[in-house]
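Examining the three-dimensional arrangement
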Amino acid sequence: PPPAPGAVCERARSTGRAVSLVCALAICLVSNLWGVVPGEEGPDYIVEAWDTGDGLPQNSVTCLIQSRAGYLWFGTQNGLVRTDGLRFKVHSTETARQMPGNRVLCVFEDSDGVLWFGVEGGGAGCIQDGGVKSQMIAALKDTSVTSITEGPAGTLWFGTVRGEVIRWSAGLVRVFGRESGLPRDPIRNLAVDRSGKLWAATSGWLGRIAEGMFEEQARDASGELVFAMRREGGLWVVVDGRLVQWELDGKKTSWEIPVLPKKERQPLVLLENRKGEVWIGMNGGGFLRFSEGRVESVRHQQSPLPSEVVLTLAEDHEGNLWAGTLGGGLIRLRQRLFTVVNSRHGLAEINVLTVCEGADGGMWFGTDGGGVHRLARDGQMARFHGAHGLLNEHVSAVCEDRRGTLWAGTWGGGLFLLRDGRFTRFGDTSSFDAMFIRALYEDPQGRVWIGTFRSGVVCQDGGQLTSYAPTNGLSHPDVSAILCDGTGAMWFGTGGGGLNRLKDGRMEVFTVAHGLPSDFIRVLFEDAQGVLWIGTEGGLACRKDGRFMAIKASDGLPDHVISQIFRDGRGAIWFGSNRGIFRASVRELEEFAERRMPPANFLTYTKADGISGSECNGGFQPSGCQTRDGRLWFPTLQGVTVVDPTQLRINPRPPRVKIEDVVADGTVLAPGEDLQVPAGCQRLLIQFTGISLSAPRRVRLRYRLSNTDPDWVEAGILRTAAYNRLPPGNYNFQVRAANSDGVWNETGSTLAFTVAAPFWRTWWFLGVAGVGATGAFAAVIRWVSLRKMRRNLEHLEHQNAIERDRSRIAADMHDELGSRLTRIGLLGALARRDAARPDQITGHLDNITIQSAELAKSLDEIVWTVNPRNDTLDRLAAYIVHYAEEFYDASPIRCRLDVPADLPALPLSAERRHNLFMAFKEALNNVAKHSGATEVHVRLAVLPPWIELSVRDDGCGFEGPKPDGDGLLNMKTRLAAMDGEFEMTTSPGGGTMVALRLKLLGLPEPSASPSSKK
């Protein structure tokens, strides 16, 4: 349930009393300062101020102007400032070397768009093409320029503190001084009238130039004289305590200014706005306004001036009035759109919960602890409380029926009726709990519906009560909103049970499952088109053509708690919420709800628009009121906020759009034609703005960069677009803006720029790179082709090796095994033939045994050669040792072996291993058959990159040419096939040495003392 109003009322009452006291003191203070009687007060205005805390360099603003580009320029005692309403850019001697001085006294824009300004003791300067320039006019040197204006043919006039007027035209300078009819006093103002004549004023003198001489037109001994040009021609002059309308033909009309009796409240500046009103800035007392033949003080009680001394006035292109003050910074005045009924008007309690209109146009207010108040049309406030029979003053609902009876529902005290100035309790409450009243509503038939917190809704019709509660179809007992639609159906919004519709005696329930954003309903409203609008605690919904469509905070709704809904006659719908009052176009809302367009543009109103508090009260009915004259009444924690939508001025002027700066990796580039962004830019920032001084914070901006942003990007509160690592090329950056009323500047502003290509993307580099790439590609193709060919060759060699191995194995098996098997077969045949001769059979069997052993030995050699596990150097050495020992085991020849014990397991192909072994075997056979040796020495030596296998005997040797037998030839052939070396040395009686050398990569250095096996 919602918090009881009484739970908040004590703090609210304390706050209300404090606010009432402050307001009363403020009224007394303002009245004492201004000496204004209530009957002479003009319309109320809102004051918004900017000072050093907002970006100003100093708080005394001496001059003001809005340039054609839309910026507001103003001078201070510490520089010249430019603003778009949000951001301030300061030109001073610290930021611009050619700045002639910081104490700026006047500012003026000429017909060419050049901005001129005068400074104290430094003459004049100008801003042209975005840069500050010091104007070197000898007559202005070392003086203070107090006023600047422009005459026909581009002639510039400068007024100085020395009392001189200087004309500058086409580089020619003429000085007018006392000899030209000017007094000695400093020039305060210069202006050119429609006829091209120059007017000049000091503090008490006004004159006009004619034929090179100044003629006195008016004098004021009190020093109160100020003047300004009229829009329709002529002048406005304040002189001798009167406002004078001065025609160029000399005709004068004057009005007395009754509030200028004191010396310290002299007028300082004069301005006529586009409405024809004349504003006077005062030296104490703020502003006076002349309108409809009457001079009156300007009220701004709820927005006090930061300073009472107004130094300068200007009106912007949208009709806003700007003023510079002494020590109070820059201020803007706008006529208050919203008015607030609070303790100043007689409310005893400003926390208002419910509002309704009476038959005579008076307004009824129900307050949280202050009873019922009635505001009559003449502004008189009456209060009804306990002394009038209202036993509970926490009034949550008020409703005046068509018979003139006021119904007042209280929170915890029941229901009361007001007749003849006294309240009486509603009689028949036996059928429902009427202590906590949520809603009161009179339907078109005159029936009064009563929504309660605990007992549902009750219909009172001619004294007869009908109750609708959960027991007879109502979805929830807490009823906070009631409405009779155009078809006669009754709608009930509940606090947790969604929406109920009673039609033809049947109750139908709608909840979030049907499309509502929340089941906690706060307000119901049906517009003239029959669309039902529902405010909930989770957002807004509308029911159209039998279908619910929701709009939530995630869709752009400023707040999700909606307490009031009204539709004005200008196509807008208004909402009250916990975050204030906002409105939107009905068409945009409906189209967005139907998902046919982007989110609606919600315009939110804040304290700057005159709203007293941001939170609207709700959850009771009537929670607000739209009176017969079209005004909207919103109850808040700080009174009742009232707005007349018919007085709302739509701003038709779209914002000026400016692209201000381009920043590439921290370097500022001036936006303009042929803008080049350096190559390799990592981060590009584009700063822009939309200038609408009426509501600068509500300006909507969107941007798009060609070739990068597929659609428009909403800028939000930022006015900077950031892009990282843009590729080289040509770009167009576009910005558009809309003012607070949704009026778009569709043309916007466009910036064309080029991101330069790095050297490695230039045409010449690409050409060179192309040639290089072509060469590299060709080289790669050649390398790939060669590699492929090499792989093919290796594959063929491998296949060849396999074929050679197969051929060798076949040959070995044929030569070794075949011949021996043949001999064994022959010996078997002989044994069978000599079966009758036992002695012969024994000899044959012995030969078969010998041949079988030889056959096994040959087979072992073949298997050893084929086995890939033996394809290493160390396995070859082990087999050689084993074979040599076995070969000479039954021989009288002594065999000595010298083989390193730590040979590495270097790879040795089967073919190379086989050829080396066969050559070694042939050498052993030669020793056994031919040498007659008693000892043979087999040595394996590692001589990187060679291995040497040598066989040395101590036999007979031989003399003369070496024998050319098949054995030696086979050994040479085998070594040559492996790129090896064969060497044989011999001498008669000195034995023979055969050396077999084979090259292997990866061999270690030979050991100094190789181990040997003997």
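Residues numbered from 1 in each chain as written. Predicted model: local features only at pLDDT ≥ 70, side-chain atom pairs only at ≥ 80, totals over all residues. Heavy atoms only, no water.

Concerning the nonpolar core
What counts here: As used in this record, nonpolar core signifies buried Ala, Val, Leu, Ile, Met, Phe, Trp, Tyr and Cys residues forming a set joined through side-chain atoms within 4.5 Å. Only protein chains enter the accessibility calculation, which uses a 1.4 Å probe. A residue is then buried if its area is under 20% of the maximum for its type, exposed if over 50%, and partly exposed in between. Helix and strand assignments follow DSSP, with helices taken as H or I runs no shorter than four residues and strands as E runs no shorter than two, numbered in order from the N terminus. Any two residues having at least one pair of non-hydrogen atoms within 4.5 Å are treated as being in contact.
Judged by nonpolar contacts, the single largest core of 40 residues is most densely connected at Leu916, Phe920, Leu924, Val938, Leu949, Val951 and Leu996. Looking at this core, the elements that each hand over two or more residues are helix 5 (873-887), strand 66 (894-898), helix 6 (910-931), strand 67 (935-943), strand 68 (946-953), helix 7 (966-977) and strand 70 (991-999). Each residue touching leucine 996, except ones within four places of it in the same chain, is listed here: Leu916, Ala919, Phe920, Ile947, Glu948, Leu949, Leu975, Glu981 and Phe982.

Some words on the side chain of arginine 332
We apply this condition: Whenever a nitrogen or oxygen atom comes within 3.5 Å of another N or O atom, the pair is scored as a polar contact, on the condition that within protein one atom can donate a hydrogen and the other can accept it, and that pairs from neighbouring residues in sequence are kept only if both atoms are in side chains.
Relative to the helices and strands, arginine 332 is located in strand 28 (residues 330-335). At 2.6 Å, the side chain of arginine 332 forms a polar contact with the backbone oxygen of leucine 693. Within the local environment of arginine 332, its side chain forms a polar contact with the backbone oxygen of serine 694, the two atoms lying 3.0 Å apart. Residues in contact with arginine 332, not counting those within four places in the same chain, are Ile46, Val47, Glu48, Trp50, Asn320, Leu321, Trp322, Leu693, Ser694, Ala695 and Pro696.

Things to note about the sheet that holds strand 44 (residues 499-503)
Note the following rule: Two strands pair if DSSP finds at least two bridges between them. To obtain each axis, a line is fitted to C-alpha atoms, and for helices this fit is confined to the stretch in contact; angles are then taken between N-to-C directions over 0 to 180 degrees.
Here four strands make up an open sheet; going across it, the order is 42-43-44-45 and the pairing antiparallel. Edge positions in the sheet fall to strand 42 (479-484) and strand 45 (506-510), since each has one partner strand and no second. Ignoring which end each strand starts from, the neighbouring axes of this sheet average 20 degrees apart. Looking at chain direction, strand 43 (residues 490-494) and strand 44 are connected through four bridges and run antiparallel. Looking across to strand 44, one finds that phenylalanine 492 is bridged to asparagine 500.

Structural notes on the pairing of strand 57 (residues 656-664)
In the sheet, strand 57 pairs with strand 60 (residues 683-691) via eight bridges, with the strands oriented antiparallel. Counterpart to valine 662 in the pairing with strand 60 is isoleucine 686. Note: strand 57 against strand 58 (residues 667-669), three bridges, orientation antiparallel. Bridging across to strand 58, valine 662 finds its partner in leucine 669. Between strand 57 and the antiparallel strand that follows it, strand 58, lie two residues; aspartate 665 among them carries a positive phi value of about 50 degrees.

Topic: helix 2 (residues 586-593)
When you tally the buried positions in helix 2, you get seven out of eight residues, the bulk of the element. Along helix 2, the positions that sit buried rather than exposed are Val586, Glu588, Leu589, Glu590, Glu591, Phe592 and Ala593. Elements that come into contact with the buried residues of helix 2 comprise strand 47 (532-536), strand 48 (540-544), strand 49 (547-551), strand 50 (562-567), strand 51 (572-577) and strand 52 (580-585). Its side-chain oxygen at 3.3 Å from the backbone nitrogen of arginine 587, serine 585 defines the N-terminal cap of helix 2. Where helix 2 ends, the next residue or the one after it, arginine 595, has phi of about 60 degrees, a positive value.

Considering the sheet that holds strand 15 (residues 198-201)
Strand order in the open sheet formed by four strands is 14-15-16-17, with antiparallel pairing between adjacent strands. Two strands lie at the open edges of the sheet, namely strand 14 (189-192) and strand 17 (213-219), each paired on one side alone. Averaged over all pairs of adjacent strands, the angle between strand axes in this sheet comes to 25 degrees, irrespective of strand direction. The pairing of strand 14 with strand 15 spans four bridges and is classified as antiparallel. From the neighbouring strand, alanine 191 faces strand 15, where its bridge partner is tryptophan 199.

Looking at helix 6
Under the convention used in this document: What a helix should span is 1.5 Å times the count of its residues minus one.
Along its 22 residues, helix 6 runs 30 Å from first to last C-alpha, staying within 8% of the 32 Å computed at 1.5 Å per residue. Downstream of helix 6 by one or two residues, glycine 932 has phi in the positive range, about 65 degrees.

Considerations on the packing of aromatic side chains
Given two aromatic rings, one states the distance between the centres and the angle between the planes to describe the pair. Defined as follows: Stacked, edge-to-face and tilted labels apply to pairs of Phe, Tyr and Trp rings (six-membered ring for Trp) whose centres lie within 6.5 Å, assigned for plane angles under 30 degrees, over 60, and everything in between, in that order. Two conditions define a charge sitting above a ring: the NZ of Lys or the CZ of Arg must be within 6 Å of the ring centre, and it must be within 35 degrees of the ring normal.
One pass over the structure, following the stated rule, counts 41 aromatic pairs. Seen in terms of ring centroids, tyrosine 45 and tryptophan 279 are 5.3 Å apart; in terms of plane orientation they differ by 85 degrees. Their pairing is edge-to-face. Remark: tryptophan 279 occurs in strand 23 (residues 278-282) and tyrosine 45 occurs in strand 1 (residues 45-50); sequence separation between them is 234 residues. Given the relative accessible area of 5%, tyrosine 45 is considered buried. Relative accessible area serves as the criterion here: at 3%, tryptophan 279 is assigned to the buried category. Against the face of phenylalanine 620 rests arginine 438, its NZ or CZ located 5.8 Å from the ring centre.

Comments concerning the environment of proline 868
Tracing the backbone shows proline 868 in the loop between helix 4 (838-866) and helix 5. For proline 868, a relative accessible area of 61% corresponds to the exposed category. Each C-alpha atom, one on proline 868 and one on leucine 908, is 9.6 Å from the other, the two residues being 40 residues apart in sequence.

As for unusual backbone geometry
The linkage connecting glutamine 621 with the following residue, proline 622, adopts the cis geometry, with an omega of 0 degrees. Relative to the helices and strands, proline 622 resides in the loop between strand 53 (603-605) and strand 54 (625-626). Notably, aspartate 142 is not glycine yet its phi reads approximately 60 degrees, a positive angle. By secondary structure assignment, the location of aspartate 142 is in the loop between strand 9 (131-135) and strand 10 (145-150). One non-glycine residue, aspartate 545, adopts positive backbone phi at about 55 degrees. Within the element layout of this structure, aspartate 545 appears in the loop between strand 48 and strand 49. The class of aspartate 545 is exposed, set by a relative accessible area of 76%.

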